[in-house]
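# Descriptive structure summary
What follows is each chain in one-letter form.
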Amino acid sequence: EAAVTQSPRNKVAVTGGKVTLSCNQTNNHNNMYWYRQDTGHGLRLIHYSYGAGSTEKGDIPDGYKASRPSQENFSLILELATPSQTSVYFCASGDRGINQAPLFGEGTRLSVL
Amino acid sequence: GDSVTQTEGLVTLTKGLPVMLNCTYQTTYSPFLFWYVQHLNEAPKLLLKSSTDNKRTEHQGFYATLHKSSSSFHLQKSSVQLSDSALYFCALSDSNTDKVVFGTGTRLQVSP
């Protein structure tokens with residue numbers, strides 16, 4: 001069954017610390033995405049990837065880096081976490097064309113204190 | 001770049017009534033449109049998708065028609081149920097990119 005798995009599911013970090021959010025997909029999808037969800041803003045795209053070794057900036061990339069070392073794995077890195085990055089983060093994977101509708105993981109709730 | 005507009009932040013209805021949630025989009029390429037539903041503390045799940053102009057697509061009692069002439073993809077249901085209470089997102093991609101952008105979402109609250 002198609003699956004996207006995120007870890008950790010919950011994270012508390014300190015301001016200025018480094019945070020890595022991990023995502024694994026078993027769908028053999030080329031595309032992977034990182035979104036954050038905040039009330040009033042919907043789902044905003046941070047970074048996405050077309051395949052292993054590629055990363056593209058989304059609409060709100062500032063303060064975030066991404067890494068796609070393999071087809072299955074896509075990480076989001078906050079080098080210097082700030083309280084404004086407190087949010088729920090969703091990873092998703094998708095195919096090409098009309099089949100690219102992202103399939104979402106269960107989300108990571110991040111609090112930066 | 002591509003963008004999606006959902007004008008209603010909150011829609012409240014009594015069960016059994018019809019609903020339409022608005023979605024308009026902007027892109028310079030051929031569009032792929034999606035509707036997602038997100039229940040409380042869950043991940044968004046795909047509800048509908050379309051890339052065909054003027055063709056109605058349906059799933060789980062919900063339906064939508066992509067109208068390229070008006071850049072719209074409104075979500076409708078003829079009779080809402082209590083279980084339809086959720087957050088609904090419209091999303092867009094296009095033939096030029098695999099980037100998928102979402103609207104701000106519409107919360108549907110159905111009361112008894």
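Everything numeric here is computed off the predicted structure, so don't read it as measured data.

Turning our eyes to something else, we now look at the state of the cysteines. Following the criterion strictly, the structure yields two disulfides over all chains and no others. A sulfur-sulfur distance of 1.9 Å marks the disulfide that ties C23 of chain A to C91 of chain A. Sign of the S-S torsion, about -80 degrees for the bond between C23 of chain A and C91 of chain A, identifies this disulfide as left-handed. Linking C23 of chain A in strand 3 (residues 19–25) with C91 of chain A in strand 9 (residues 87–94), this pair joins segments that are 68 residues apart in sequence. An identical accessibility class is assigned to C23 of chain A and C91 of chain A; each is buried. A disulfide bridge connects C23 of chain B with C90 of chain B, and the sulfur atoms are separated by 1.9 Å. Its S-S torsion of approximately -60 degrees makes the covalent link between C23 of chain B and C90 of chain B left-handed. Highlighted residues: C23 of chain B in the loop between strand 3 (19–21) and strand 4 (24–26) and C90 of chain B in strand 10 (residues 86–94), separated in sequence by 67 residues. Accessibility assignment for this pair places C23 of chain B and C90 of chain B in one class, buried.

Residues and elements named next belong to chain B. If you trace the four strands from one edge of the open sheet to the other, you get 3-9-8-7, paired in antiparallel fashion. Looking at the sheet topology across the chains shown, the edges are occupied by strand 3 and strand 7 (56–59). Averaged over all pairs of adjacent strands, the angle between their axes in this sheet comes to 20 degrees, without regard to strand direction.

Parameters at a glance
- Residues numbered from 1 in each chain as written.
- Chains lettered and ligands numbered in written order.
- Predicted model: local features only at pLDDT ≥ 70, side-chain atom pairs only at ≥ 80, totals over all residues.
- Heavy atoms only, no water.
- Disulfide = S-S within 2.5 Å.
- Helix = DSSP H or I, 4+ residues; strand = E, 2+ residues; numbered from the N terminus.
- Buried < 20%, exposed > 50% of the residue type's maximum accessible area, 1.4 Å probe, protein only.
- Pairing = 2+ DSSP bridges.
- Axes fitted to C-alpha atoms, helices over the stretch in contact; angles between N-to-C directions.

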